[in-house]
Amino acid sequence: MDSFHRPLFGSNLSGRPRKDSKAISASPPQKTIAQAPKMFSWLGGNTDKKKNKEVLESVSEGLRKIYKTKLYPLEEFYKFHDFHSPALDDPDFDAKPMILLVGQYSTGKTTFIRHLLEEDFPGIRIGPEPTTDRFIAVMNAPEEGVIPGNALVVDSKKQFRALSGFGNAFLNRFQCSTLPNQVLESVTIVDTPGILSGEKQRIDRGYDFTGVLEWFAERVDRIILLFDAHKLDISDEFKRCIEALAGNEDKIRIVLNKSDMVDHQQLMRVYGALMWSLGKVFKTPEVSRVYLGSFWDHPLHYDINRRLFQDEQHDLFADLQGLPRNAALRKLNDLIKRARLAKVHAYIIAELRKQMPSMIGKEKKKKELITNLDKIFEQLQREHNISPGDFPDVNKMREKLQSYDFNKFQPIKPKLLEVVDAMLASDIARLMAQIPKEEAVAINTDGAPKEQTVRGGAFSQAQEVETPFGFGKGEGFDKGSNEAEWVVNRERSKADSTFESLGPVDGVLSGSKAKEHMVRSKLPNAVLGKIWKLADVDRDGNLDVDEFALANYLINLKLEGHELPADLPKHLIPPSKRDASEAPVYPKLDDD
């Protein structure tokens, strides 16, 4: 028994004192617990990790732990999962960002996915009729294949286990399509059945379609609502689906697809009609931004809006490319929303339990409480100073309460609520501070810095710099970048005559004289100041004839709607100001 109490440090394994104390100092010094690097040590846990293995290695792991130890007990105690959302599993915290596509049939949802991936995926069907009859999660894998819904929801490594609650009717209409694709290394894309219109929407699907959409909406990072420029009518089923997305408006992006099928005048009218319709459905004066475009690889029907479509696609793709970078912040935000709802739910359940009689008239009182649930909500708002926006939908709550015995509900338990309040006030704030640190040290498996953005497929084309078809190539300040002649020379004749008329002294214009001319452009002083800094290449506070021509060139670029460069590109530096290191490199021409 005594051997269990002998000190380990300062003795050998047999427990006898060491004869040579130098043997101790010769070995590598052991880090104390206080010295060891501890990320998230405030969450508790084993601190005896190796130097290259943190106690909690990511924000996702921190979120998982505070959910299981601090929020889940509150949810379980008040039956939160029966009323609102199933419990979160480990894959919910580790999963890649997800993009959910929603729209009526034939609005181009599946074609949009193919446009992003630049290849077909298993199970793809495209046509003018309602071709996609199932939910399809398109994910990355070494081999192409299809995983049926029933097999998918028992896979503990995927985030779909809670979908088993929607039954076999749904699982038979759910699958995962896998293929090796660079885009899918960063995101998962979920295709949905086309939402029906007219007589078809009266046919029952056999499962809770809007419930499934609501489940996905809570967990995805981006929801793309697609509309067809030729079919703007919002059916009753589509309206119910949009209403099911309530509470996730920050994730919604709206795409007016097939916009090349109408000319610019019709497009303006279609856009206005869409905004009016969406305002009625969302019931808010503000509506998410609408992206215009045609997301496929077919020739444009009306080419007049080509530049508009290119700019819109660039903006949408930039938004989608940022999803991996913002994934941790999105999970953090969703957990905060979930915690606030769980607290409100606890107050509601406890209040219903409190108002129930102990013996007689239970059923009558239950009906009365359900009928007056909106008044109970108002009472709780006043008593606990809760925002009305934190409460669940009163009608859905009434419907779900019908099947419960209120006497079996739990009374309020302050300890559980205090733990969640402490989590929101302290733990969440520390995780928030950890996000930029985690991004800064993110590395790939090969040790190189990890770029948290979507690459491959259509996204590579959007960033293409090796061809003249990349975004912004040959336009604005990039114009003339691959030409030997200084591009400013083409348009400088008028600038040279203006320069002479302003009376240069010793071949240069002073700042005051140049300003008299530059302010006539009516550009703001801040913009003109930036142009001056770019044009005054030698930083002498004056403009010579080349610098003045450059200043006029930049003014015209801005007036045409182009952005100014942060630094003057090498091809715009006047030839008289260049040294060997600043000379632009032009492509070599083969000798004849």
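What you are looking at is a predicted structure, and each value in this text was computed from that prediction instead of being measured.

Give me the lowdown on the overall build of the chain, citing residues and values where you can.
Along its length, the chain carries 21 helices and 10 strands. Considering the chain as a whole, with its 592 residues, one finds that 43% of them fall into the buried category. Sequence separation of at least 24 residues holds for 74% of the intrachain contacts in the chain that already meet a minimum separation of 6.

Describe the packing of aromatic side chains, and please don't skip the residues or the numbers.
Evaluated as defined, the whole model comprises 24 aromatic pairs. Centre to centre, the rings of F83 and Y404 are 4.7 Å apart; their planes meet at 25°, and the pair counts as stacked. A residue pair is termed long-range when its members are at least 10 positions apart, and F83 in helix α3 (residues 80-83) and Y404 in the loop between α15 (394-401) and α16 (414-441) qualify at 321 residues. For the pair formed by F83 and Y404, the shared burial category is buried. A connected cluster of aromatic rings, assembled from ring pairs, spans F135, F160, F166, F170, F174, Y207, F209, W215 and F216. The side chain of K413 reaches across the aromatic face of F77, ending 5.1 Å from its centre.

Let's hear about the UniProt feature "domain: EF-hand" (unreviewed entry) in the chain: which residues, and what values?
In the numbering adopted here, UniProt assigns the feature "domain: EF-hand" (unreviewed entry) to residues 523-558. Within the segment residues 523-558, helix and strand shares are 69% and 6% respectively, and the terminal C-alpha atoms sit 8 Å apart.

Can you lay out the pairing of strand β4 (residues 174-179) for me, pointing to particular residues and giving the numbers?
β4 sits mainly inside the fold: 6 of its 6 residues count as buried. Both faces of β4 are covered, namely the face carrying F174, C176 and T178 and the face carrying Q175, S177 and L179. When strand β2 (residues 135-140) meets β4, the two strands line up parallel, connected through 6 bridges. If you follow N140 over to β4, its bridge partner there is L179. Note that strand β3 (residues 145-148) and β4 share 4 bridges and pair antiparallel. Considered in β4, the bridge of V146 is made with S177.

Which residues make up the sheet that holds strand β1 (residues 98-103), and what are the values?
Read from one edge of the open sheet, 8 strands run β3-β4-β2-β5-β1-β6-β7-β8, paired in mixed fashion. What marks the edges here is a single partner per strand, and that holds for β3 and β8 (290-292). Strand-to-strand twist across the sheet, computed as the mean angle between neighbouring axes with direction ignored, equals 25°. Set on the sheet, helix α9 (residues 236-244) makes contact with β1 and β6 (222-228); between it and β6 the angle comes to about 160°.

Go over the pattern of salt bridges with me, naming the residues and quoting the values.
Applying the stated criterion across every chain yields a total of 30 salt bridges. In this structure, E368 engages K365 in a salt bridge whose closest nitrogen and oxygen atoms are separated by 3.4 Å. One end of the pair is E368 and the other is K365, both in helix α13 (residues 362-371) and 3 residues apart, which spans about a single turn. Across the pair R492 and D496 runs a salt bridge whose closest N-O atoms are separated by 3.2 Å. In this structure R492 comes out as buried when scored by relative accessible area, which is 12%. One connected set of salt bridges, linked through shared partners, spans D221, K251, R330, D334 and K337.

Could you give me a rundown of the packing of helix α12 (residues 323-355) against helix α14 (residues 373-384), with the residues and numbers involved?
The relative placement of two packed helices is expressed as an angle between their axes plus a distance between the axes. Here α12 crosses α14 at 110°, and the two axes come no closer than 11 Å. In this view, α12 runs roughly perpendicular relative to α14, as classed from their interaxial angle. Considering the relative orientation of α12 and α14, their crossing is right-handed. Across the interface between the two elements, Y347, I348, E351, L352 and Q355 of α12 pack against L373, I376, F377, Q379, L380 and H384 of α14. Partitioned by chemical class, the residues of the contact of α12 with α14 number 7 nonpolar, 3 polar and 1 charged.

Could you give an account of the packing of helix α18 (residues 493-501) against helix α21 (residues 545-559), with specific residues and numbers?
Between α18 and α21, whose axes approach to 9 Å, the crossing angle comes to 120°. Here α18 is positioned oblique relative to α21, judged by the angle of their axes. By crossing handedness, the relation of α18 to α21 is classed as right-handed. Within the contact between the two elements, α18 uses A495, D496, T498 and F499 and α21 uses V545, F548, A549 and N552. Grouping the amino acids of the contact of α18 with α21 by side-chain chemistry returns 5 nonpolar, 2 polar and 1 charged.

Which residues make up unusual backbone geometry, and what values do they have?
Leaving glycine aside, a negative phi is the common case for residues, and trans is the common case for peptide bonds. One non-glycine residue, K79, lies in positive phi territory at about 55°. Relative to the elements of secondary structure, K79 occurs in the loop between α2 (59-77) and α3. If you check the backbone angles, K258 has positive phi at about 60° while not being a glycine. By the secondary structure assignment, K258 is in the loop between β7 (252-257) and α10 (264-282). Look at K258 and you get buried, because its relative accessible area is 19%.

So what's going on with the side chain of N248? Which residues, and what values?
Turning to its location among the elements, N248 is positioned in the loop between α9 and β7. Those residues within four positions of N248 in sequence are excluded, and the remaining contacts are A217, E218, I223 and K337.

I'd like a description of the pairing of strand β5 (residues 188-191), backed by residues and values.
Taking every second residue as pointing to the same face, both faces of β5 are buried, with T188 and V190 on one and I189 and D191 on the other. Both β1 and β5 contribute to a ladder of 3 bridges, which runs parallel. If you follow M98 over to β5, its bridge partner there is T188. Looking at chain direction, β2 and β5 are connected through 3 bridges and run antiparallel. Bridging from a neighbouring strand, A137 pairs with V190 of β5.

Please provide a residue-by-residue account of α13, values included.
Among the residues making up α13, those that are buried are K366, L369 and I370. Viewed end-on, α13 has its buried residues packed into an arc of 100°, placing them on one side of the element. What points out from α13, more than 90 degrees from its buried face, is the exposed set K364, K367 and T371. Against α12, α14 and α15 lie the buried residues of α13.

An account of the side chain of E75 is requested, with residue identities and associated values reported.
Position of E75 relative to the elements: it lies in helix α2. When sequence neighbours within four positions are dropped, the list of residues in contact with E75 reads Y67, F80, H81, R338 and A342.

Can you lay out the environment of K70 for me, pointing to particular residues and giving the numbers?
Within the secondary structure, K70 is located in helix α2. On the basis of relative accessible area, K70 is assigned to the partly exposed category, the value being 24%. Separated by 347 residues in the primary sequence, K70 and L417 have C-alpha atoms spaced 9.3 Å apart. At a separation of 2.3 Å, a polar atom in the side chain of K70 contacts the side chain of D427.

Cut-offs and rules
- Residues numbered from 1 in each chain as written.
- Predicted model: local features only at pLDDT ≥ 70, side-chain atom pairs only at ≥ 80, totals over all residues.
- Heavy atoms only, no water.
- Helix = DSSP H or I, 4+ residues; strand = E, 2+ residues; numbered from the N terminus.
- Buried < 20%, exposed > 50% of the residue type's maximum accessible area, 1.4 Å probe, protein only.
- Contact = heavy atoms within 4.5 Å.
- Phe/Tyr/Trp six-rings, centres within 6.5 Å; stacked < 30°, edge-to-face > 60°.
- Lys NZ or Arg CZ within 6 Å of the ring centre and 35° of its normal.
- UniProt positions renumbered as here; feature names shortened; annotations may be inferred.
- Pairing = 2+ DSSP bridges.
- Axes fitted to C-alpha atoms, helices over the stretch in contact; angles between N-to-C directions.
- Salt bridge = Lys/Arg side-chain N within 4 Å of Asp/Glu carboxyl O.
- Parallel < 35°, antiparallel > 145°, perpendicular 65-115°, else oblique.
- Left-handed = near helix turned anticlockwise from the far one by under 90°.
- Nonpolar A, V, L, I, M, F, W, Y, C, P; charged D, E, K, R; others polar.
- Arc of directions from axis to C-beta.
- Polar contact = N/O pair within 3.5 Å; in protein donor to acceptor, adjacent residues only side chain to side chain.

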